[in-house]
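What the coordinates show
The primary structure of each chain is shown beneath.
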Amino acid sequence: MMDAQLRKQKVLSQIDAFAQIDYSLVSSPAVFKSHINLDLKGTVYPVGNHTDPPLVPAPFGLPSKGDSMLYLGVSSYFLKTATLAYYKAGVFNITISKDLATTFNLTTAMLKDFVPEIAPRCPTACPVLLKLMATSPPVVSLQSDTCRLWITGSVEVFAVLPNSTIQYIFTGNLTTSTRSNLTVIKQKLIISLLLKRLHFSLLHSAVRFSQVSLVENFLSYTLRRVVIPVINGKNYGQFLSTVGGKASLKPLKRVHSFKGCSVRSFLSV
């Protein structure tokens, strides 16, 4: 009777302004002499939209170790629902402007170093405006010791003229491959991205490019210097401290290809 009531309890936690996580129990707690196993839902939703995603989780088991007080397994299902929720919330749509590119001057003068053909259209240095938009939910893959993320999208590039109007330069499609490191700092899950590969295909341009690969180099440089640092500067909420209480959580330096969500808490005897 108590197990049924526990499973009916909706446990919803706010991750940030865009997403919430439901970590309700999906089965009865399994109590052993030395520990308790808890199977949690681990589904991430956009704020205000709790429709279950079109993904099917599968159960998994945690490593048989007992030298820590709490073990928490993060699955591919959890990460896939998270990327889907953030995609629906528009988080992967980013506008890079002069205000965002604080680490270096993102101007037409710098763009001309990569693509000299734009010089006649931009004789004086003007700020560059990039509009990045994900065109489909990112694809997540958990493999041994690493997590990979593929993002497909489009990019529009403009020059911001002295009178504050924008001048169109080019549009194209992007496919990026990133490696993600998952760490825990002060009970917060921190996701750090490293751009591995980028492929660009030109759709339309106001100028004729002699080599599209030079445009690809410019976009790769901009993503590494501006977009990735902005993403890495964010944390993803208090989920771990909510699950683990005020305990000190020490992450294991290994990623397993898990298929579900589980917590194991060891008892003091």
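About the thresholds
- Residues numbered from 1 in each chain as written.
- Predicted model: local features only at pLDDT ≥ 70, side-chain atom pairs only at ≥ 80, totals over all residues.
- Heavy atoms only, no water.
- Helix = DSSP H or I, 4+ residues; strand = E, 2+ residues; numbered from the N terminus.
- Buried < 20%, exposed > 50% of the residue type's maximum accessible area, 1.4 Å probe, protein only.
- Areas by Shrake-Rupley, 256 points an atom, 1.4 Å probe, with all protein chains shown as cover.
- Core = buried A, V, L, I, M, F, W, Y, C linked by side-chain atoms within 4.5 Å.
- Contact = heavy atoms within 4.5 Å.
- Salt bridge = Lys/Arg side-chain N within 4 Å of Asp/Glu carboxyl O.
- pLDDT = per-residue confidence, 0-100.
- Disulfide = S-S within 2.5 Å.
- Pairing = 2+ DSSP bridges.
- Axes fitted to C-alpha atoms, helices over the stretch in contact; angles between N-to-C directions.

Moving on, we get to the overall build of the protein chain. Along the protein chain, the regular secondary structure elements total 5 helices and 13 strands. The buried share among the 269 residues of the protein chain stands at 41%. Roughly 14600 Å² of accessible area belongs to the protein chain as shown, and the carbon and sulfur atoms make up 56% of that amount.

With that settled, the discussion passes to the environment of leucine 106. Mapped onto the elements of the fold, leucine 106 is located in the loop between β7 (94-96) and α3 (108-114). With relative accessibility at 4%, the residue leucine 106 sits in the buried group. Separated by 24 residues in sequence, leucine 106 and leucine 130 place their C-alpha atoms 9.6 Å apart.

This part covers the nonpolar core. Ranked by internal contacts, the top residues of the largest apolar core, which has 28 residues, are Leu130, Val155, Phe200, Phe218 and Leu219. For this core, the secondary-structure elements that each account for two or more residues are α3, β8 (128-134), β10 (146-160), β11 (166-185), β12 (188-205) and α4 (212-232). Sorting elements by how many residues they give to this core places α4 first, with 6 residues. Excluding residues that lie within four positions of it along the chain, leucine 219 makes contacts with Leu130, Val155, Leu174, Leu198 and Phe200. Counting 21 residues, the second largest nonpolar core, distinct from the first, contains Ile15, Leu40, Tyr86 and Ala134.

Turning our eyes to something else, we now look at the pattern of salt bridges. For the coordinates displayed, the defined rule picks out 2 salt bridges. A salt bridge links lysine 41 to aspartate 22, with the nearest nitrogen and oxygen atoms 3.6 Å apart. Note that lysine 41 is positioned in the loop between β4 (35-39) and β5 (43-46) and aspartate 22 in strand β2 (residues 19-22), a separation of 19 residues in sequence. Aspartate 22 sits in the buried class, given a relative accessible area of 5%. Via salt bridges that share partners, Asp22, Lys41 and Asp52 belong to a single interconnected network.

As a further point, take the environment of leucine 198. Of note, leucine 198 is situated in strand β12. Judged by relative accessible area, which is 13%, leucine 198 ranks as buried. Considered as a pair, leucine 198 and serine 177 are 21 residues apart in the sequence and their alpha carbons are 6.4 Å apart. Those residues in contact with leucine 198 that sit more than four places away from it in its chain are Leu174, Thr175, Thr176, Glu216, Leu219, Ser220 and Leu223.

With 74% of its residues at a pLDDT of 70 or more, the protein chain has an overall mean of 77. The low-confidence segment residues 236-269, where pLDDT is below 50, has 114 contacts with residues more than four positions distant or belonging to other chains.

With that settled, the discussion passes to the state of the cysteines. Joining two cysteines, a disulfide is a covalent bond between their sulfur atoms. In the structure shown here, the tally under the stated rule is 0 disulfides. Between cysteine 126, a cysteine without a disulfide, and cysteine 122, which holds the nearest cysteine sulfur, the sulfur-to-sulfur distance is 6.0 Å.

Let us now look at unusual backbone geometry. Unlike most non-glycine residues, serine 164 shows phi in positive territory, near 75 degrees. Among the secondary structure elements, serine 164 is positioned in the loop between β10 and β11. In this structure serine 164 comes out as exposed when scored by relative accessible area, which is 59%.

The subject of this paragraph is the sheet that holds β2. Judged by pairing direction, the sheet is antiparallel, and its 3 strands sit side by side in the order β1-β2-β5 without closing on themselves. The sheet is open, and its two edges are formed by β1 (12-14) and β5, each paired on a single side. In this sheet, adjacent strand axes meet at a mean angle of 30 degrees when their direction is disregarded. For β1 and β2, the ladder comprises 3 bridges, and the chain directions are antiparallel. Bridge pairing in β2 places leucine 12 opposite aspartate 22. Packed onto the sheet, helix α2 (residues 76-88) meets β2 and β5 and runs at close to 0 degrees relative to β5.

Attention shifts here to the pairing of β2. Alternating residues of β2 divide into Ala19 and Ile21 and Gln20 and Asp22, and every residue in both groups is buried. Between β1 and β2, which pair antiparallel one after the other, the connecting turn spans 4 residues. As paired elements, β2 and β5 share 4 bridges and run antiparallel to each other. Across the sheet, alanine 19 pairs through a bridge with proline 46, a residue of β5.

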